[in-house]
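Listed here are the chains, written in short residue letters.
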Amino acid sequence: MAEEKKAVKMPHSLILENRKNMTVTGVSDVDSFDDQAVVAYTDLGELTVRGKNLHINKLSVETGELALEGEIVSMSYTDNQSSSGGFLSKLFR
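Since the model is a prediction, treat every value here as computed from it, not as a measurement. (Residues numbered from 1 in each chain as written. Predicted model: local features only at pLDDT ≥ 70, side-chain atom pairs only at ≥ 80, totals over all residues. Heavy atoms only, no water.)

1. Structural notes on the overall build of the protein
The number of helices and strands found in the protein is 2 helices and 6 strands. Each helix (α) and strand (β) of the protein, taken in turn from the N terminus, gives the series α-β-β-β-β-β-β-α. In the protein, which comprises 93 residues, the share counted as buried stands at 25%. By sequence separation, contacts in the protein at least 24 residues apart represent 43% of the contacts at least 6 residues apart. Carbon and sulfur atoms form 52% of the exposed surface of the protein, whose accessible area is close to 6700 Å². (Helix = DSSP H or I, 4+ residues; strand = E, 2+ residues; numbered from the N terminus. Buried < 20%, exposed > 50% of the residue type's maximum accessible area, 1.4 Å probe, protein only. Contact = heavy atoms within 4.5 Å. Areas by Shrake-Rupley, 256 points an atom, 1.4 Å probe, with all protein chains shown as cover.)

Here it is in structure tokens:
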């Protein structure tokens, strides 16, 4: 049944306003966050947002919405590697 859940993809969009406010849709989970970086998972890959004084104003994994504020310096995507798993999953097989 977990495979059926992954088949449903949420629409993904990213809106950045004046490098201060960001709204992201299609977020399935947030891996980590602090005042300098937020790492979120989307169907299109892992999204890393870097900056200063970052704050999560809204997070809803049910609707897939994430709202950030702070001084946003960069955004980058990393491809999904769901089929092979991460380093730790390979280590503990």
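2. Details of the confidence of the model for the protein
With 76% of its residues at a pLDDT of 70 or more, the protein shows a mean pLDDT of 84. Counting interchain partners and residues more than four positions distant, the pLDDT-below-50 stretch residues 1-5 has 0 contacts. (pLDDT = per-residue confidence, 0-100.)

3. A few points about the sheet that holds strand 2 (residues 21-25)
As summarised here, the arrangement of the 6 strands in space is 1-2-6-5-4-3, forming an open sheet in which the pairing is antiparallel. Two strands lie at the open edges of the sheet, namely strand 1 (13-17) and strand 3 (27-33), each paired on one side alone. Across the sheet, the mean angle separating the axes of adjacent strands is 35 degrees when strand polarity is ignored. Two strands pair when backbone bridges link them, and strand 1 and strand 2 are joined in this way by 5 bridges, in the antiparallel orientation. Bridge assignment links I15 to a residue of strand 2, and that residue is T23. (Pairing = 2+ DSSP bridges. Axes fitted to C-alpha atoms, helices over the stretch in contact; angles between N-to-C directions.)

4. Details of the pairing of strand 6 (residues 65-78)
Of the pairings in the sheet, the one linking strand 2 to strand 6 comprises 4 bridges and is antiparallel in character. Bridge pairing in strand 6 places N21 opposite E69. Note that strand 5 (residues 45-60) and strand 6 share 12 bridges and pair antiparallel. What sits directly across from R50, in strand 6, is S74. Taken together, strand 5 and the strand that follows it, strand 6, pair antiparallel across an intervening segment of 4 residues, in which G64 is found at a positive phi of about 80 degrees.

5. Focus on the environment of E65
Residue position: E65 is located in strand 6. Sequence separation of E65 and V24 is 41 residues, and the distance between their C-alpha atoms is 5.8 Å. Once residues within four sequence positions are removed from consideration, E65 is found in contact with V24, T25, K58, L59 and S60. One polar contact links E65 to K58, side chain to side chain, over a distance of 3.3 Å. (Polar contact = N/O pair within 3.5 Å; in protein donor to acceptor, adjacent residues only side chain to side chain.)

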